[in-house]
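Given next are the chains, with one letter for each unit.
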Amino acid sequence: MAKRGKPVDGTIPAPDDTSEDAGLRTVVEAVDEIGLGGGARVADETEADDSEAGGAAQAPERRGGVHAEVRRGVERRRGERRGAGDRRRADRRRGKDRRGVEGLAEEVVTGEQSVDELSAELRAADEQARDEQRELYRTLDLALRIGEVVLASGAGTADATATILGVTAAAGLRGCEVDITFTSIAISYQEAPDVAPETHMRVVRYRGQDFSRLTAVDQLVRRFARAELTREEASRELARIVSAGPPFPRWSSVLAWGVMAGGATLLLGGGWLITLVAVLTAIVIELSNRWFNRQRLPAFYQQVAGAFVATAVALILYAVHAPVKPSLVVAAGIIMLLAGIALTGAVQDAITGYYVTAAARSLEAMLLTGGIIAGVSLGISLGIKLGLPVAIEAQTIQLANLPIMVGSGALMAVAFAYASYAPLRGLLPVAVVGGVGSLVFTLMSRAEFGPAWSTAAAAFVVGLGGYSLGRRAGVPPLVVVVSGTVPLLPGLTIYKGLLELMSLGNLIGIVSLATAVAIGVALASGVILGEYVAQPIRREARRLEDRLAGPRLVGPRRPIRQRKERTRSHRTRRHRST
């Protein structure tokens, strides 16, 4: 057997047939065993080198059989890898490893490196690539789960998109694309132009007003962006937040809904007796809706049932000739049911250019509002059939009642925030914003600017103040803004329009309902305008806001830089050095 080694001219000597074929087969099997798919390239390059070195005298039949077997094995390996779904990472590894596989084969054939060393080196490279792929999967999964919580809590699509991009950017994944269709979230990441993108999707299966969960996720995103948490720690913290129960007892949330309805009756000019009736009615409606929700009854029918209960209580008060204003019970019930409709998010999506989600949110808001109208209409029809004198008690806005109206607005905002499990530190800014909004609405209405423009001006103040006060209190501005707009909801206007339409049978009721729609649009658009104006106030928000299509109500404000992962060993060394 010829001694292996490099001659003076740098060419590779051709060993005998048996040793060369055995070495070639060993190299190919080692490469194919770990799935690099470069065995055919090794065999072809080795054959070319042997031909240049004078190996033309070897048996072509035997070499052709070896190469055919190698190629079949390589193709089989490639098919298995594609079937396993690792095509993108496999292509990248092949692109890197094929450049050096010829040199490795040369080292094995010439005896500079053993087959075991080659296998260990290639296995290590393959395991490293698999670790990178798993890290990519986990990062995209973390971003999708965070986006699911933000979107399910009523945030706009622009907020959810920017939050997801903030998480991926902090993890080092630049250039991600996010697509949200109201019920699903898809994120795609392409590492290079010549590499297939990695696309993941998550379905949003639940929705609800849980401000404690939204606030906790918002703080989690900020800590992750500042590199205070690793990706594993952030994932565990998110799982804890999602699986945790409400921070307050459920009975206190039910009582808060009743307090909100009582505040609505005080805002509309009711006395203590009708306020007490409205509180008890709201508690009954909330308990029934919770029971319906456990029975998986759709939200539309829950709205119908709740509105009918409020109207039925008013009919009973009409029948017993109670010395109160029964229509205020209906108005308070309508405000309570309207408070859970994410109208602000629908208008925000329309303004910021997310028309698909805006259409979906608008359709949801129309459907839920239609349920309220159906329930109230059923009660009014029943009252007309029974001959009950259902009517609307007009309210005159007087400056003497201004403190009561401002206090009632603040009480309604705080009660709604507490019922939605907002953090206690956010209740003070909610009270301030709700009271100031009610003050502006009262003054504008007293000056006869009309209900729509009065609501728009009050909503503008709410959006302007909620943006700054929310951040100072450590809660997302969405919590303050949504709670602050509750006193401005057109509950009495909707009831007035339905009563006029069904009892009088003329077009006056349609005008009143159109006025209620205009109030709703003015409410949402005024809040968004206030957010736009509030943006330049906070300087650290400018760079990130310029890259978005609209104002941010949830998520980080500062531009996200690529974070540096802190390992436990690094923290230990730093602790010891200090």
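In this text the structure is predicted, and so the values were computed from the model without any measurement.

S.K.: Tell me about the sheet that holds strand 2 (residues 184–189), residues and numbers included.
M.R.: Remark on secondary structure: sheet strands pair via backbone hydrogen bonds, oriented parallel or antiparallel. Spatial strand order, 1-2-3: 3 strands in an open sheet with antiparallel pairing. The sheet terminates laterally at strand 1 (177–180) and strand 3 (198–203), the two strands that pair on one side only. Recorded for the sheet is a direction-independent mean angle of 15° between the axes of neighbouring strands. Where strand 2 and strand 3 come together, 6 bridges link them in antiparallel fashion. Residue pairing in the sheet places S188 in a bridge with T199 of strand 3.

S.K.: Describe the packing of aromatic side chains, listing the residues and the values that go with them.
M.R.: On inspection of all chains with the given rule, the structure shows 6 aromatic pairs. Centre to centre, the rings of W257 and F416 are 5.7 Å apart; their planes meet at 80°, and the pair counts as edge-to-face. Of this pair, W257 sits in helix 9 (residues 250–267) while F416 sits in helix 15 (residues 402–419), placing them 159 residues apart in sequence. When its relative accessible area of 11% is taken as the criterion, W257 is described as buried. The class of F416 is buried, set by a relative accessible area of 1%. Put simply, the rings of F211, W257 and F416 touch in pairs and so form one group of aromatic residues.

S.K.: Let's hear about the pattern of salt bridges: which residues, and what values?
M.R.: With the rule as written, the count across this model stands at 12 salt bridges. Between R213 and D210 there is a salt bridge; the shortest N-O distance is 3.9 Å. Note on R213: relative accessible area 16%, which makes it buried. Among the salt bridges present, the one from E237 reaches R240, with a minimum N-O distance of 2.6 Å. Of this pair, E237 and R240 both sit in helix 8 (residues 231–243), separated by 3 residues, roughly a single helical turn. Judged by its relative accessible area of 46%, R240 is partly exposed. Linked through salt bridges whose partners overlap, the residues forming this network are E135, R231 and E232.

S.K.: Tell me about the environment of L142, residues and numbers included.
M.R.: Residue position: L142 is located in helix 5 (residues 115–152). In sequence terms L142 and R231 are 89 residues apart; their C-alpha atoms lie 8.1 Å from each other. Setting aside chain neighbours within four positions, we find L142 in contact with V167, F224, R231, A234, S235 and L238.

S.K.: If you had to explain the packing of helix 9 against helix 10 (residues 272–294) to someone new, which residues and values would you point to?
M.R.: Between helix 9 and helix 10, the shortest axis-to-axis distance is 7 Å and the interhelical angle comes to 140°. As summarised for this structure, helix 9 and helix 10 are arranged oblique, according to the angle between their axes. The handedness of the crossing between helix 9 and helix 10 comes out as right-handed. The segment helix 9 lies against helix 10, with R250, S253, V254, L255, W257, G258, A261, G262, T265 and L266 engaging I274, T275, A278, V279, A282, I283, E286, L287 and R290. When its residues are assigned to classes, the contact of helix 9 with helix 10 shows 11 nonpolar, 5 polar and 3 charged.

Criteria and cut-off values
- Chains are numbered independently. Their residues run from 1 in the order of the written sequence.
- Reporting of local features is limited, given that this is a predicted model, to residues whose pLDDT is at least 70; pairs of side-chain atoms are given and counted only at 80 or more, and all residues count toward the totals for whole chains, interfaces and linings.
- Values shown for side chains rest on all heavy atoms present in the structure; no hydrogens or waters enter the calculation.
- Any two strands between which DSSP finds at least two bridges are classified as paired.
- The helix count covers DSSP runs of H or I at least four residues long, the strand count covers runs of E at least two residues long, and both are numbered beginning at the N terminus.
- Here an angle of 0 to 180 degrees is reported between the N-to-C directions of two axes, which are lines fitted to C-alpha atoms, with helices fitted over the stretch in contact.
- A pair of aromatic rings is counted whenever rings of Phe, Tyr or Trp (Trp by its six-membered ring) have centres within 6.5 Å, and the orientation is called stacked for planes under 30 degrees apart, edge-to-face for over 60 and tilted otherwise.
- Using a 1.4 Å probe on the protein chains alone, a residue whose accessible area is under 20% of its type maximum counts as buried, one over 50% counts as exposed, and one in between counts as partly exposed.
- For this document, the term salt bridge refers to a Lys or Arg side-chain nitrogen within 4 Å of an Asp or Glu carboxyl oxygen.
- For this analysis, residues touch if any pair of their heavy atoms sits within 4.5 Å.
- Throughout, the term roughly parallel applies to angles under 35 degrees, roughly antiparallel to angles over 145, roughly perpendicular to angles from 65 to 115, and oblique to all others.
- Each crossing gets its hand from how the near helix is turned against the far one by less than a right angle, where anticlockwise is left-handed and clockwise is right-handed.
- Gly is placed with the polar residues, together with every amino acid not listed as nonpolar (Ala, Val, Leu, Ile, Met, Phe, Trp, Tyr, Cys and Pro) or charged (Asp, Glu, Lys and Arg).

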